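One-letter residues, chain by chain:
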Amino acid sequence: MAGTGDFWLSVAFSLLRIIGGFLTACIAGVLLAALSARFKYVEQFLAPFMLTVKAVPVASFVILILIWVSSKNLSIIISFLIVLPVIYTNAKNGIASCDRQLLEMAQVFRISPARKIRYIYISQIMPFFRAGCSISLGLCWKSGVAAEVIGIPQNSIGENLYNAKIYLDTPDLFAWTVVIIIISLMFEKLFIFLLDRGIRRLERI
Amino acid sequence: MEITIKHLFKSFGTHTVLHDLNACIPAGQVTWVSAPSGKGKTTLLRILMGLETADSGEITGLDGQKQSVVFQEDRLCENLSTLSNIKLPSPQLQNQTIEEALDKVGLGAYAHCPVSECSGGMKRRVAILRALLADYDILFLDEPFKGLDADTKALVMADTKERSHGKTVILVTHEPAEAEALGAAYTIAL
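This text gives an overview of the structure that appears in the document. (Residues numbered from 1 in each chain as written. Chains lettered and ligands numbered in written order. Predicted model: local features only at pLDDT ≥ 70, side-chain atom pairs only at ≥ 80, totals over all residues. Heavy atoms only, no water.)

A look at the overall build of chain A
Along the backbone of chain A there are 8 helices and 0 strands. Its C-alpha atoms put chain A at 70 × 35 × 20 Å along the principal axes. Relative to its full complement of 205 residues, chain A shows a buried share of 42%. Counting contacts in chain A only where the partners sit at least 6 residues apart, residues at least 24 apart contribute 76% of the total. Of the accessible surface of chain A, which amounts to about 10,900 Å², a share of 68% is contributed by carbon and sulfur atoms. Computed over 19 positive and 11 negative side-chain charges, the separation of the two mean positions in chain A equals 12 Å. (Helix = DSSP H or I, 4+ residues; strand = E, 2+ residues; numbered from the N terminus. Buried < 20%, exposed > 50% of the residue type's maximum accessible area, 1.4 Å probe, protein only. Contact = heavy atoms within 4.5 Å. Areas by Shrake-Rupley, 256 points an atom, 1.4 Å probe, with all protein chains shown as cover. Lys, Arg positive; Asp, Glu negative; His and termini not counted. Charge placed at Lys NZ, Arg CZ, Asp CG, Glu CD.)

Considering the overall build of chain B
Looking only at helices and strands, one finds 6 helices and 8 strands in chain B. Mapped from its N terminus to its C terminus, chain B presents α and β elements in the order β-β-β-α-β-β-α-α-α-β-α-β-α-β. Against the compact-globule benchmark of 16 Å for 190 residues, chain B has a radius of gyration of 17 Å, which places it among compact chains. Across its three principal axes, chain B shows a C-alpha extent of roughly 50 × 30 × 30 Å. Of all 190 residues assigned to chain B, the portion counted as buried reaches 51%. Here the contacts in chain B between residues at least 6 apart in sequence split such that 72% fall between residues at least 24 apart. When the accessible surface of chain B is totalled, it reaches about 8,300 Å², and 48% of it is carbon and sulfur. Side-chain charges in chain B split into 18 positive and 24 negative, and the spacing between the mean points of these groups amounts to 2 Å. (Rg over C-alpha atoms; globule rule 2.2 N^0.38 Å.)

Notes on a nonpolar patch on the surface
Residues and elements named next belong to chain A. A cluster of nonpolar side chains, contributed by Leu35, Phe39 and Tyr41, occupies part of the molecular surface with about 300 Å² of accessible area. For Leu35, the position within the fold is in helix α1 (residues 5-38). Exposure remark for Leu35: the relative accessible area of 38% places this residue in the partly exposed category. (Patch = residues over 30% accessible without salt bridge, like charges linked within 9 Å, V, L, I, M, F, W, Y side chains within 5 Å. Salt bridge = Lys/Arg side-chain N within 4 Å of Asp/Glu carboxyl O.)

Here's the deal with the pattern of salt bridges
The final tally for this structure, using the stated rule, is 14 salt bridges over all chains. Linking Glu43(A) and Lys40(A) is a salt bridge whose minimum nitrogen-to-oxygen distance equals 2.7 Å. Highlighted residues: Glu43(A) and Lys40(A), both in helix α2 (residues 40-55), separated by 3 residues, approximately one helical turn. Residue Glu178(B) is joined to Lys153(B) by a salt bridge in which the shortest nitrogen-to-oxygen separation is 3.1 Å. Residue Glu178(B) is found in helix α6 (residues 176-181), and its partner Lys153(B) is found in helix α5 (residues 150-163); the two are separated by 25 residues along the sequence. Judged by relative accessible area, which is 5%, Glu178(B) ranks as buried. Salt bridges sharing common partners tie together Glu104(A), Arg46(B), Glu52(B), Glu73(B) and Arg75(B).

Thoughts on the interface of chain A and chain B
Each partner contributes residues to the interface: chain A has 15 residues there, and chain B has 23 residues. Here chain A meets chain B over a buried area of about 1,800 Å², counting both sides, of which 62% is carbon and sulfur. Between the two partners, chain A and chain B, sit 2 salt bridges. The closest approach of N and O atoms between Glu104(A) and Arg46(B), which form a salt bridge, is 2.7 Å. At the surface where chain A touches chain B, the tally comes to 7 residue pairs in polar contact (both at pLDDT 80 or more). Elements with a minimum of two residues in the side of chain A that touches chain B: α5 (100-108) and α6 (113-151) of chain A. Of all the elements, α5(A) adds the most residues to the side of chain A that touches chain B, at 6 residues. (Buried area = accessible area lost by both parts, 1.4 Å probe. Polar contact = N/O pair within 3.5 Å; in protein donor to acceptor, adjacent residues only side chain to side chain.)

Here we look at the pairing of strand β7 (residues 168-172) of chain B
Residues and elements named next belong to chain B. Among the 5 residues in β7, 5 count as buried, and that is most of the element. Here β7 shows two buried faces, one formed by Thr168, Ile170 and Val172 and the other by Val169 and Leu171. As paired elements, strand β3 (residues 30-34) and β7 share 4 bridges and run parallel to each other. Across the sheet, Thr31 pairs through a bridge with Ile170, a residue of β7. The pairing of strand β6 (residues 138-142) with β7 spans 5 bridges and is parallel. Pairing of Phe140 across the sheet is with Ile170, part of β7. The parallel pair β6 and β7 is bridged by α5, and the resulting crossover is right-handed. (Pairing = 2+ DSSP bridges. Right-handed = clockwise from strand over helix to strand, strands pointing away.)

Structural notes on the layout of surface pockets
All names here are of chain A. Computed from the structure, the largest pocket encloses a volume of approximately 780 Å³. Every residue lining the largest pocket is counted, 29 residues in all, and those nearest its centre are Ala34, Ala37, Ile95, Tyr121 and Ile125. Looking at side-chain class alone, the lining of the largest pocket contains 20 nonpolar, 2 polar and 7 charged residues. (1 Å grid on protein atoms, 1.4 Å probe; cavity = no way out; pocket = protein on both sides within 12 Å on 5 of 7 lines; lining within 4 Å. Points joined across faces, edges and corners; volume = space filled by probe spheres on them. Nonpolar A, V, L, I, M, F, W, Y, C, P; charged D, E, K, R; others polar.)

Topic: the sheet that holds strand β2 (residues 15-25) of chain B
Think of a sheet as strands paired side by side through backbone hydrogen bonds, with each pair either parallel or antiparallel. Residues and elements named next belong to chain B. Read across the open sheet, the 3 strands follow the order β2-β1-β4; overall the sheet is antiparallel. If you trace the sheet from one side to the other, it starts and ends with β2 and β4 (56-60), each paired once. Strand-to-strand twist in this sheet, taken as the mean axis angle between neighbours without regard to direction, amounts to 20°. Bridging between strand β1 (residues 3-12) and β4 involves 4 bridges; their strand directions are antiparallel. The residue bridging Thr4 from the neighbouring strand is Thr60, located in β4. Against the sheet, helix α1 (residues 41-49) contacts β1, β2 and β4, and its axis sits at roughly 120° relative to β1. (Axes fitted to C-alpha atoms, helices over the stretch in contact; angles between N-to-C directions.)

Side note on α6(A)
All names here are of chain A. Across its 39 residues, α6 extends only 45 Å between first and last C-alpha, which sits more than 12% below the 57 Å expected from 1.5 Å per residue. Roughly 45° is the biggest bend found in α6, and it falls at Ile122. Within two residues after α6, Ile152 carries a phi angle of roughly 45°, on the positive side. (Expected span 1.5 Å × (residues − 1). Bend = angle between axes of the 7 residues up to and from the residue.)

Dropping the structure here:
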């Protein structure tokens, strides 16, 4: 299977979209968590939205989104929606658990907001963010591929899984499942490695 | 510029900590704040640093003054090195200056050691150096030498006195010897 161009095309198609949704959700989740921590009304405004996103089944989202968006970009939106509440909640908890004593120290020394974020907040939020990424990376692959199976975009992993289902091609189904697991694990390891390295570099004064 | 405190009141619930405190803290001198435990020494410092709000009263002489502090706790970033912790509030400091200062208090070999790997006494010295090397007009010292052995304490006190010379220092301690060693000229008894 790996020897064909179609295989790599499908992998690239799904990988780019699912990871695109994941990364966008990471950025949005952290920014919204920061805004929620700063402004209570933002948290109150976002609470019902996050709760709804968490509670609504992936299949309902997929069908709803298919009404407005082409199936090609479906997995981006679905992985975004699945990852966003996880990253948002974890980042918010990380900010809330920031060491008050360090923040007071920064206040007295008049440490600039940029340095405060870089050297105090990031290291305190990191364990929460890292855990959130670890959980949501698995979730975004599950939901992203499920969305593709329903939306059947051309040259996607989901389309291959769908074909395996309708042709009762069990070996293909297992093979694609293994491919998803391998890509998901490899990306998780790579992402966490790069994240840790980036943070170490960022914290260097 | 001297700091003037007039009719300062502070309570936590029904517990009054500061009751009609009036004091004058001269500029460029060491002032010792002395009182038994729980009588509001740290609260007074926190009010002066802007970390706590007084219930009533007036404080003048703090506007535009750069502050530096050694808290009762070390309040260091555990993931950063001793050098980076000192540099955090003072990015303009040269590494060599910090290394020399660390060397002077017996931490020369630990400049690049993460604070999480340092002992309590080492962390204390880093917290003190962070405050002393920062750019400040007023230095707040809240039980700064707690947890240091006699020799290290003598070394660090001498360094503190030298580096804070001519600056306004407000020292909270239970040890009259520490106030004497720093050359405290004034006392506020709560």
